[in-house]
Amino acid sequence: MIAKDTNVKMVEEGGDGQFNLDGILSELGSFGKYQLLLLALLAFRDAFLNMCNFNYVFTAAAVNHRCYVPECDGWDARFNASWTSFALPNDTSTCFRMAARSDVTNQSCAPAHFDVDSALPCQRIVYEDYNSIVAEFDLGCEPWKRTLVGTVHNLGLVFSFVISGLISDRYGRKVIIVGTPLVVGTVGLVKSFSVSYWMLLLLEFLETALGYGNASMVLSLETVSQKRRVMFSCIWDILTSFGTAFFGLIAWQVPYWRSLTRAIYAPLLVTVFYIFLVDEGVRWLLAHNKRDEAVRVLNKVAKYNNITLSTKAKDMLTKITEQRKAGQEEARVDTRHLMRALQSRTMVSRVVLVAALSFCSFFVYHGTIINSGTISGDKYLNYAALQLVAIPTRVITALTLTRFGRKAPICVSYLLCMVFFIASAFMPKSASWSSLALYLAGMMASSYGVFSLSVAAMEVFPTTSRNSLTNLANTLARFGTVLAPQAPLLEQYMSGLASVVFGVAALGPALLALLLPDTSGVALPDDVADAERLDVPPDVPPPDVPPPSAHEPSAGADQPPPSSQVVRF
């Protein structure tokens, strides 16, 4: 962290003639060639990462199955053969068959040869198709093993977000942006050659434990000025969601799980070229006294966007470079940014608050996607629709999140989420289209809430430990995603019960969001002191700076200039 007595304070143009980083970023523009290329690269990376993150929705999908009946399968082996009506119970996907009558000596496939009052467990299972691991590893009568794949996958994310947060804040956003997709892609390809269920389960855990992370969103928030960060992040998420929706199309065209796994994991290996295409975040570089590199990146942005910086901006960049040596000497003294943040009660309470909010929001968001295979309609189209609803949702987010702050939109979105999901559960089966429409509306509200919450969560933590603290909160919250894959099992007890549970869970973030500080019009905090001041109303002066009395002269032209420039970014 840069010490306050060695920092350069930059303020908006028109103040004291100096510039701040937000002012320089505003000059460079938010949607020039450089930023558009960055958006495209991040969207490609994150679209395929999202596909991999939800791979088990299709690779571990439930498959209709029945018992193998030797008396009848030798005559007609079709899955839905006519004899299934009298040789099998009426329940679908059952693991029992009717017992043969003991008083019948000639065992043939006829209704009279089966005892409707006696059932036997299956000795062998026949599946409707063999595209899923359920059929390949014979999990039909062990549904807990199917849902365990998603649970273990999300359990790995608990470790992943801690590791990636620490690496990102210490070594930079670029390390995670390039490294994690390479790890995920490599492990995923090895997973496609799994020879047993337990081998696949182990690789599913290693994939998420060693990969993923949210460095893309952090970089997108730190790349542009304060006025454009929500819009920029929304466009990034729209492009990502559009790409993720193609997973439904890919799974439809390539249904076999091994081929599907290779189709979505192999493209991630292309991100090795991001080493040359993606630059480190400027805010992170400045926060870690890498000022020469920060100036190089800013000049590169200006060159790509064909923009000539003003004289004041050039002077400020020159001053930052000249102060490099003093800044580096101070940085060697202060290296424990995360520990300093965790010594603050305000920061710890925010980690707990964000964790509680995210636990509920992750459970609802991931649960609705995973449960898409159980709602009426084609499972591939349902998945694609659930991803595509994020596109109009992000447009609404960009128009409302800045205008109405953070707390009110999050609260309203989750209240609507609760109403839509509970309503969808009690729609009659004859009106399946209305149930699906309400489910999609609930997903839109959930998508709005989880994205808005992610933005708000990153804005309440300081730059020097933003990714670490955010991911620490996400680590605790990821237990919500661990529970989410079990939601489809609720449908065994009551149709629509999963949607009711999602609706009740949405009430949590609707209420807890009221405790967040509103950061919509505030620059990103650089250190713990800045982050703590977010809870102070804007009309209240900082506690260490008493308000001027009537007998004291106000700061202005009559005051001598400070002996040292304090710089903040």
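Residues numbered from 1 in each chain as written. Predicted model: local features only at pLDDT ≥ 70, side-chain atom pairs only at ≥ 80, totals over all residues. Heavy atoms only, no water.

1. Concerning the environment of Gly281
Residue placement: Gly281 occurs in the loop between helix H13 (274-277) and helix H14 (282-287). Its relative accessible area of 4% is what places Gly281 among the buried residues. (Helix = DSSP H or I, 4+ residues; strand = E, 2+ residues; numbered from the N terminus. Buried < 20%, exposed > 50% of the residue type's maximum accessible area, 1.4 Å probe, protein only.)

2. So, unusual backbone geometry
With a phi angle near 55 degrees, Asp138 is a residue other than glycine that sits in the positive phi range. Relative to the assigned elements, Asp138 resides in the loop between helix H6 (133-136) and helix H7 (143-171). The partly exposed category is assigned to Asp138, whose relative accessible area is 43%. A positive phi is found at Asn306, a non-glycine position, where the angle reads about 55 degrees. Position of Asn306 relative to the elements: it lies in the loop between helix H15 (291-304) and helix H16 (311-322). Given the relative accessible area of 71%, Asn306 is considered exposed.

3. Description of the packing of aromatic side chains
Considering all chains together, one arrives at 15 aromatic pairs under this definition. Ring centres of Phe31 and Phe232 lie 6.0 Å apart, and the angle between their planes is 35 degrees; this geometry places the pair in the tilted category. Taken together, the positions of Phe31 in the loop between helix H1 (21-28) and helix H2 (33-53) and Phe232 in helix H11 (residues 229-253) put the pair 201 residues apart, joining distant regions of the chain. By relative accessible area, Phe31 is classed as partly exposed at 33%. Classification of Phe232 as buried rests on a relative accessible area of 0%. Seen from their ring centres, Phe363 and Phe502 are 5.6 Å apart, and the 65 degrees between their planes marks the pair as edge-to-face. Of this pair, Phe363 sits in helix H19 (residues 345-370) while Phe502 is found in helix H26 (residues 497-512), placing the two residues 139 residues apart along the sequence. For Phe363, a relative accessible area of 12% translates into the label buried. Taken together, Phe58, Phe247, Tyr380 and Tyr383 form an aromatic cluster joined through their ring pairs. Here the guanidinium or amino end of Arg124 rests over the ring plane of Tyr68, the centre of that ring lying 4.1 Å away. Its end group placed over the ring of Phe193, Arg262 keeps NZ or CZ at 4.2 Å from the ring centre. (Phe/Tyr/Trp six-rings, centres within 6.5 Å; stacked < 30°, edge-to-face > 60°. Lys NZ or Arg CZ within 6 Å of the ring centre and 35° of its normal.)

4. With respect to the side chain of Arg66
Mapping Arg66 onto the fold places it in strand S2 (residues 65-67). Residue classification places Arg66 among the buried residues on the basis of a relative accessible area of 3%. From its side chain, Arg66 meets the backbone oxygen of Phe79 in a polar contact 2.9 Å long. Leave out the neighbours within four places in its chain, and Arg66 touches Asp73, Ala77, Arg78, Phe79, Trp83, Thr84, Leu88, Thr94, Arg124, Ile125 and Val126. (Polar contact = N/O pair within 3.5 Å; in protein donor to acceptor, adjacent residues only side chain to side chain. Contact = heavy atoms within 4.5 Å.)

5. Thoughts on the state of the cysteines
Inspection of the entire model under this criterion finds three disulfides. A sulfur-sulfur distance of 1.5 Å marks the disulfide that ties Cys67 to Cys122. Judged by the torsion about the S-S bond (-80 degrees), the Cys67/Cys122 disulfide is left-handed. Of this pair, Cys67 sits in strand S2 while Cys122 sits in the loop between strand S4 (114-121) and strand S5 (125-127), and the two are 55 residues apart along the sequence. The same class applies to Cys67 and to Cys122, which are both buried. Here Cys72 is linked by a disulfide to Cys109, with a sulfur-sulfur distance of 2.0 Å. Note on the Cys72 and Cys109 pair: the S-S dihedral is about 100 degrees, so by sign convention the disulfide is right-handed. (Disulfide = S-S within 2.5 Å.)

6. Points about the packing of H2 against helix H10 (residues 215-223)
At a minimum axis distance of 11 Å, the contact between H2 and H10 shows a crossing angle of 165 degrees. Classified by the angle their axes make, H2 and H10 are roughly antiparallel. Crossing hand, H2 versus H10: left-handed. Across the interface between the two elements, Leu38, Leu42, Arg45 and Asp46 from H2 touch Ser216, Leu219 and Thr223 from H10. Tallied by class, the residues present in the contact of H2 with H10 amount to three nonpolar, two polar and two charged. (Axes fitted to C-alpha atoms, helices over the stretch in contact; angles between N-to-C directions. Parallel < 35°, antiparallel > 145°, perpendicular 65-115°, else oblique. Left-handed = near helix turned anticlockwise from the far one by under 90°. Nonpolar A, V, L, I, M, F, W, Y, C, P; charged D, E, K, R; others polar.)

7. Some details on the confidence of the model for the protein chain
Overall, the predicted model of the protein chain reaches an average pLDDT of 78, with 83% of residues at or above 70. The low-confidence segment residues 325-335 (pLDDT under 50) makes nine contacts with residues lying over four places distant or belonging to another chain. (pLDDT = per-residue confidence, 0-100.)

8. Re a nonpolar patch on the surface
On the surface, Leu155, Phe159, Val162, Ile163, Leu166, Phe359, Phe479 and Leu483 cluster together into a nonpolar patch covering about 650 Å² of accessible area. At five residues, H7 tops the list of elements feeding residues into the nonpolar patch. Residue placement: Leu483 occurs in helix H25 (residues 479-483). A relative accessible area of 46% places Leu483 in the partly exposed class. (Patch = residues over 30% accessible without salt bridge, like charges linked within 9 Å, V, L, I, M, F, W, Y side chains within 5 Å. Areas by Shrake-Rupley, 256 points an atom, 1.4 Å probe, with all protein chains shown as cover. Salt bridge = Lys/Arg side-chain N within 4 Å of Asp/Glu carboxyl O.)

9. Structural notes on the pattern of salt bridges
Counted by the stated rule, this structure contains 13 salt bridges. With a closest N to O distance of 2.5 Å, Asp46 and Arg45 form a salt bridge. Arg258 is the salt-bridge partner of Glu136, the closest N and O atoms lying 2.7 Å from each other. Of this pair, Glu136 sits in helix H6 while Arg258 sits in helix H12 (residues 257-265); the two residues are 122 residues apart in sequence, bridging distant segments of the chain. Taking relative accessible area as the criterion, Arg258 reaches 12% and is therefore assigned buried. A network of salt bridges, in which partner residues are shared, links Asp279, Glu293, Arg296 and Lys300.

10. Observations regarding H1
Of all eight residues making up H1, six are buried, and the element is well covered by its neighbours. Along H1, the residues that are buried comprise Leu21, Asp22, Gly23, Ile24, Leu25 and Leu28. Just downstream of H1 lies Gly29, where phi reads positive at about 85 degrees.

11. Quick look at the nonpolar core
Ranked by internal contacts, the top residues of the largest apolar core, which has 91 residues, are Phe58, Trp83, Val149, Phe502 and Leu516. The element that contributes the greatest number of residues to this core is H19, accounting for twelve residues. Listed in part, the 25 residues of the second largest apolar core include Val178, Leu219, Trp236 and Leu401. (Core = buried A, V, L, I, M, F, W, Y, C linked by side-chain atoms within 4.5 Å.)

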